[in-house]
Amino acid sequence: QVQLVESGGGLVQPGGSLRLSCAASGFTFSSYTMNWYRQAPDKARELVAGISRTGSITNYADSVKGRFTISRDNAKNTVYLQMNSLKPEDTAVYYCNVWTERIYWGQGTQVTVSS
């Protein structure tokens, strides 16, 4: 079965960096677009970034452009989110996502940006 396992979250000061990872299994990873979403308290889940099957095409929410970078390693079945210049408003639970025959979500990893 499809499994998505996120890791790398934590507490970081404003201006700091974190790198999230999402290890995927149960499907042909290299055949699917992968996405990162986030959900802050009392807010709707929002798309943060997406990456095409080969990694040649990426897209970002306006709020993270220039600060976050999505990448993937198809040999390791893993997608990453490098987050730099973090702001308090980036505080959220971050989820990776794939849509195969249906949408799958990981369990999420908490990112807290605070001094």
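Below or above, wherever it landed, is the structure these notes cover. Bear in mind the structure is a predicted one, so any value in this text is a computation, not a measurement.

## Comments concerning the pattern of salt bridges
Inference 1: Applying the stated criterion to the full structure yields four salt bridges.
Inference 2: The partner of aspartate 90 in a salt bridge is arginine 38, with the nearest N and O atoms 2.9 Å apart. Here aspartate 90, found in the loop between strand S8 (78-83) and strand S9 (92-99), pairs with arginine 38, found in strand S4 (residues 34-39); they are 52 residues apart in sequence, far enough to count as distant. Neither aspartate 90 nor arginine 38 differs from the other in exposure class; each is buried.
Inference 3: Between aspartate 90 and arginine 67 there is a salt bridge, with the nearest N and O atoms lying 2.7 Å from each other. Of the two residues, aspartate 90 sits in the loop between S8 and S9 while arginine 67 sits in the loop between strand S6 (58-60) and strand S7 (68-73), which places them 23 residues apart along the sequence.
Inference 4: It is possible to trace a salt-bridge network through shared partners that takes in Arg38, Glu46, Arg67 and Asp90.

## Some points on the environment of serine 7
Inference 1: Locating serine 7 in the fold gives a position in strand S1 (residues 3-7).
Inference 2: Here serine 7 falls in the partly exposed class, since its relative accessible area comes to 38%.
Inference 3: Taking the C-alpha atoms as reference points, serine 7 and arginine 19, separated by twelve residues in sequence, lie 8.6 Å from one another.
Inference 4: Not counting residues within four places of it along the chain, the set of residues in contact with serine 7 comprises Arg19, Leu20, Ser21 and Thr109.

## Quick notes on the side chain of arginine 38
Inference 1: Judged by relative accessible area, which is 7%, arginine 38 ranks as buried.
Inference 2: Reaching out from arginine 38, the side chain makes a polar contact with the side chain of glutamate 46 at a distance of 2.6 Å.
Inference 3: Here the side chain of arginine 38 touches aspartate 90 through a polar contact of 2.9 Å, side chain to side chain.
Inference 4: Setting aside anything within four residues of it in sequence, one finds arginine 38 in contact with Ala44, Arg45, Glu46, Val48, Ser63, Val64, Phe68, Glu89, Asp90, Ala92, Val93 and Tyr94.

## Quick look at the pairing of S1
Inference 1: Every second residue of S1 is oriented toward a common face, the buried set being Leu4 and Glu6 and the non-buried set Gln3, Val5 and Ser7.
Inference 2: With five bridges joining them, S1 and strand S3 (residues 18-25) adopt antiparallel strand pairing. Counted as the bridge partner of glutamine 3 is serine 25 from S3.

## Some thoughts on the nonpolar core
Inference 1: Ranked by size, the top nonpolar core spans 30 residues in total, and within it Leu4, Trp36, Leu81, Met83 and Tyr94 carry the most contacts.
Inference 2: Breaking this core down by element, the ones donating at least two residues are S3, S4, strand S5 (46-51), S7, S8, S9 and strand S11 (109-113).

## Description of the sheet that holds S1
Inference 1: Pairing within the open sheet is antiparallel, and its four strands lie in the order S1-S3-S8-S7. Single-partner strands in this sheet number two, and they are S1 and S7. For this sheet, the mean angle separating the axes of adjacent strands, direction not counted, is 15°.

Criteria and cut-off values
- Residues numbered from 1 in each chain as written.
- Predicted model: local features only at pLDDT ≥ 70, side-chain atom pairs only at ≥ 80, totals over all residues.
- Heavy atoms only, no water.
- Salt bridge = Lys/Arg side-chain N within 4 Å of Asp/Glu carboxyl O.
- Helix = DSSP H or I, 4+ residues; strand = E, 2+ residues; numbered from the N terminus.
- Buried < 20%, exposed > 50% of the residue type's maximum accessible area, 1.4 Å probe, protein only.
- Contact = heavy atoms within 4.5 Å.
- Polar contact = N/O pair within 3.5 Å; in protein donor to acceptor, adjacent residues only side chain to side chain.
- Pairing = 2+ DSSP bridges.
- Core = buried A, V, L, I, M, F, W, Y, C linked by side-chain atoms within 4.5 Å.
- Axes fitted to C-alpha atoms, helices over the stretch in contact; angles between N-to-C directions.

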